[in-house]
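Geometric and topological summary
Here's the letter readout for the chains.
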Amino acid sequence: MSIARKLYQLQEIELEIESKEQALAQCLSRLGKSRVVAQLRAKQAKEQQHLEELRRQQHSAEWEIEDLGTKLAAAKETLYSGRIRSPKELASLQHEVEGLEVRRDQLEERALETMEQVELAMDNLTAISNELGASESEWRSQQQRLSAEIEQFKDLLSELESKRQQMLAGIDSQTIDFYNQLKKQKGWAVAKVEQGTCRGCRISLSTAELQRARGEQLVECNSCRRILFLD
Ligand SMILES: [Zn+2]
């Protein structure tokens, strides 16, 4: 096998390693994170807090209504007991009873509104929890798929790396140094020749260059200085 072919094959392997490493890094970056799940969890916590606040309001309204009921019953009992005879006092008590009744009606209305809000919040919470459950299960299976993909990439990369090491062992170190230097300068070092043209710079090669590239020695492109490989 010509040295140019060996280097070309080495380059092919190295490019494949690079692309698989990028794919692996992308998989790794997607592992263990779910923005959707985190957002839904925050939404659920907020709705839960809202519901608890509404329930507190509901209970305090209920207690107040009960308290008013007791006061009202006592006032009415006094009013109709016949113990109070002064018309002025009776009128004032009558007024107090009416005031308490108005207040109770207002509170009952408010309690009813709060109850409706509690029901709405519970419905919202159920909807969010269902959505969260679905997202979590989707996320879990996605994570499993990712973990499997990551394992495959790792296996493949270790295979490719051992192939690369085998190839490196078959090329002398001076040539490897030259290859690496070119790679560093240009991104990739070996250019295939296709239809008499260097694929590195797309410039047509002279007959003499093509002739030399067919030989066993390493030949560089006159324009881009890459190593020419003629299949
Ligand atoms: Zn070239």
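For the structure given in this document, a descriptive report is provided here. Remember, it's a predicted structure, so these values are computed and weren't measured experimentally. Along each chain, residues carry numbers from 1 onward, in the same order as the chain's sequence is written. The predicted origin of the model limits local features to residues at a pLDDT of at least 70 and limits the giving and counting of side-chain atom pairs to 80 or more, whereas totals for whole chains, interfaces and linings rest on all residues. Side-chain numbers here rest on the full set of heavy atoms in the structure, without hydrogens or water.

Overview of helix H2 (residues 35-81)
Heads up, the condition is: Elements are defined by DSSP. Helices are runs of H or I of four residues or more, strands are runs of E of two residues or more, and each kind is numbered from the N terminus. Here the expected span of a helix is defined as 1.5 Å times the quantity of residues minus one. Only protein chains enter the accessibility calculation, which uses a 1.4 Å probe; a residue whose area is less than 20% of its type maximum is buried, one above 50% is exposed, and one in between is partly exposed. The contact criterion used throughout is that any non-hydrogen atoms of two residues lie within 4.5 Å.
Taking 1.5 Å as the rise per residue, H2 with 47 residues should run 69 Å; its terminal C-alpha atoms sit 69 Å apart, in good agreement. Buried within H2 are the following residues: Val37, Leu40, Glu47, Leu51, Leu54, Gln58, Ala61, Ile65, Leu68, Leu72, Ala75 and Leu79. For H2, the elements touching its buried residues are helix H3 (87-169). The positive-phi residue at the C-terminal boundary of H2 is Gly82, with phi of around 85°.

Some words on the coordination of the zinc ion
Metal coordination angles in their ideal form are 109.5 degrees for the four-donor tetrahedron and 90 or 180 degrees for the six-donor octahedron. Using the following cut-off: For Na, K and Ca the donor cut-off is 3.2 Å; for every other metal, N, O and S atoms count as donors within 2.8 Å. Water does not enter the count, which can leave sites looking incomplete. Metal sites are grouped by the angles between bound donors: all angles between 85 and 135 degrees with four donors is tetrahedral, opposite donors over 155 degrees apart with the others between 65 and 115 is square planar for four donors and octahedral for six, and any other pattern is irregular.
Around the zinc ion, the protein contributes the donor atoms Cys198 (SG), Cys201 (SG), Cys221 (SG) and Cys224 (SG), which lie 2.3 Å from the metal centre. Taken together, the four donor atoms coordinating the zinc ion span angles of 104 to 115° at the metal, a pattern that classifies the geometry as tetrahedral. Between the donor residues of the zinc ion, the gaps in sequence give the motif C-x2-C-x19-C-x2-C. Of this pair, Cys198 sits in strand S2 (residues 197-198) while Cys221 sits in the loop between helix H5 (207-213) and strand S3 (227-230), and the two are 23 residues apart along the sequence. Of the residues examined, Cys221 reaches a relative accessible area of 0% and is grouped as buried.

Some details on the pattern of salt bridges
Applicable threshold: What makes a salt bridge here is a side-chain nitrogen of Lys or Arg within 4 Å of a carboxyl oxygen of Asp or Glu, nothing more.
If you walk through the whole model with that rule in mind, you get 14 salt bridges. Here Glu53 and Arg56 are joined by a salt bridge, their closest N and O atoms 3.0 Å apart. Here Glu53 and its partner Arg56 are both found in helix H2, three residues apart, which amounts to about one turn of the helix. On the basis of relative accessibility, which here comes to 35%, the residue Glu53 falls in the partly exposed class. Notably, a salt bridge pairs Asp231 with Lys192, separated by 3.9 Å at the nearest N-O pair. Highlighted residues: Asp231 in the segment after S3 and Lys192 in strand S1 (residues 190-194), separated in sequence by 39 residues. Each of Glu14, Glu161, Arg164 and Lys183 takes part in one network of salt bridges that share partners.

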